[in-house]
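For reference, the chains in residue letters:
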Amino acid sequence: MPPIARRSIARKATVAGTGLHTGATTEATFLPAPAGRGIVFRRTDLAGKPEVPARLTEVEAVERRTAVGRGDATIHTVEHLLAAVAAHEIDDLTIDLTGPEPPILDGSVQPYFEALAKAGPTEVGGEPAVLSVQAPFTVTEGESSYVVAPAKGFRLTVAIEWPHPLIGHQAGSYEVTPEGFAAELARARTFGFTSEVAQLQAKGLIKGASAATAIVLDERGIANGVTLRWADEFVRHKAADIVGDLALTGARIRAHIVATRPSHSGNIALAWALARAGKRTGGGEPAMDISRIMDYLPHRYPFLLVDRIIEVEGRQRIVGIKNVTINEPFFQGHFPGHPIMPGVLIIEAMAQVGGMLLMSHFEGQNVDDKVVYFMSLDNVKFRRPVVPGDQIRFELDMVQFRGKTCRMKGAGYVDGQVVAEAEMMAMVVDR
Ligand SMILES: [Zn+2]
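Residues numbered from 1 in each chain as written. Predicted model: local features only at pLDDT ≥ 70, side-chain atom pairs only at ≥ 80, totals over all residues. Heavy atoms only, no water.

### Some words on the coordination of the zinc ion
For a metal bound by four donors in tetrahedral geometry, the ideal donor-metal-donor angle is 109.5 degrees, whereas six donors in octahedral geometry ideally sit at 90 or 180 degrees.
In step 1: Distances from the zinc ion to its protein donors, namely His 80 (NE2), His 237 (NE2), Asp 241 (OD) and Asp 241 (OD), fall within the range 2.1 to 2.6 Å.
In step 2: Relative to the metal, the 4 donor atoms surrounding the zinc ion lie at angles of 54 to 150 degrees, and the coordination shape comes out irregular.
In step 3: Along the chain, the residues donating to the zinc ion are arranged with the sequence spacing H-x156-H-x3-D. Here His 80, found in helix α1 (residues 79-87), pairs with His 237, found in helix α5 (residues 233-246); they are 157 residues apart in sequence, far enough to count as distant. Note on accessibility: His 80 and His 237 belong to one class, buried. (Donors = N, O, S within 2.8 Å, 3.2 Å for Na, K, Ca; no water. Tetrahedral: all angles 85-135°; square planar, octahedral: opposite > 155°, others 65-115°. Helix = DSSP H or I, 4+ residues; strand = E, 2+ residues; numbered from the N terminus. Buried < 20%, exposed > 50% of the residue type's maximum accessible area, 1.4 Å probe, protein only.)

Structure follows, in structure tokens:
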């Protein structure tokens, strides 16, 4: 098979309209991005234009839609837009938004899919991240269940059940390729029931719903006069939603997924299971990106001090990066007018990289309930100060590993010069 390249778009494209849940008018603009950027939202209406990567670690809400966010920069209902991105097999893209929610448009993925088709999906080099599975596994979340099996491509088999005369039991199986998605799933619209309108409105949702944005059903049939595009449009839309939610893995999927009664919370649980159990190849550097690191380390802001792992050699050696910026919270007080990184935090960052090396010994096992404790530090030396703008490269070697305890030797470098070194002992304990 010829090697596949990462894809972005050749030129920008814009769609505009009203958000389904927030009711806010928003423009979404797709912009070309260089290889390796990934899919990144940018809220251009907020100060500093904060960026939110379309990644699982950023998921904030899964009720009736999937929302991602960082701080005040929340983006609601990303699934239809992301389904179009994933269906076109686009790996690198910036999405500028002038508001909190991409427009719902006609309730389907089609307007986004068409806009991206016109923007000219194009190869940008580099190797795309691909998630494949080696052995079947299942995921259950509430009423939703999924069976994941190895496959060469991405196939979705979906079944839904609704006690409604137009739905009942619907099932379908779809090949998720740009052509397959365009023909079978892109035009399927979202749907809702008149009976739940009041309840959803009370929760502050569906403020932007209107006759043109969804199929609305009452007890007997269609309440808002739209004509179905397929008799089984409902299950097709649920399949499209899964494609969008799985885009948050940041990888192309190679698996056959059989979904029963899928929901957004179920799809996100499925995406996490795929990210953990699946085999990730490509994506170039990093060997482990920040979302993978956050799978292994319990540390969070302001105490997650590893940005990426760039090399893992067996279970013997690991190389990780910490980018030090003036925005580090500790620079506010250490010291005003003379910012230098506290030495103990350099050692903490080194220890976190070491924790990743130790955790690699549990690869393939569930590490959710495991945490690394450091037991001793020896021969700690600080060679030179670390200041804003420095990138520290930590290199650690496993000296000894017995049972759950290990001894590692590490050093941190800035521009090839040693800034700190230490020997450390650590153990893995159950939380
Ligand atoms: Zn949807």
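### Digging into the sheet that holds strand β3 (residues 25-32)
In step 1: Spatial strand order, β2-β3-β9-β4-β5: 5 strands in an open sheet with mixed pairing. Because the sheet does not close on itself, it has two edges, and the strands there are β2 (13-18) and β5 (51-53). For this sheet the average axis-to-axis angle between neighbouring strands, irrespective of direction, equals 20 degrees.
In step 2: Here 6 bridges tie β2 to β3, and the two strands are oriented antiparallel to one another. The residue of β3 that forms the bridge with Ala 13 is Phe 30.
In step 3: Along the sheet, α1 makes contact with β3, β4 (39-43) and β9 (93-97), crossing β4 at roughly 145 degrees.
In step 4: Contacting β2, β3 and β9, helix α2 (residues 110-118) crosses the sheet at an angle of about 160 degrees to β2. (Pairing = 2+ DSSP bridges. Axes fitted to C-alpha atoms, helices over the stretch in contact; angles between N-to-C directions. Contact = heavy atoms within 4.5 Å.)

### Some details on empty space enclosed by the protein
Unoccupied space between atoms shows up once a probe the size of one water molecule is rolled over them.
In step 1: As enumerated under the stated definition, the model contains 2 cavities of 30 Å³ or more in all.
In step 2: Considered as a void within the structure, the largest cavity measures approximately 50 Å³ in volume.
In step 3: Every residue lining the largest cavity is listed: Arg 55, Leu 56, Thr 249, Trp 272, Ala 275, Arg 280, Asp 289, Ser 291, Arg 292 and Asp 295.
In step 4: Across the lining of the largest cavity, the residue classes break down as 3 nonpolar, 2 polar and 5 charged. (1 Å grid on protein atoms, 1.4 Å probe; cavity = no way out; pocket = protein on both sides within 12 Å on 5 of 7 lines; lining within 4 Å. Points joined across faces, edges and corners; volume = space filled by probe spheres on them. Nonpolar A, V, L, I, M, F, W, Y, C, P; charged D, E, K, R; others polar.)

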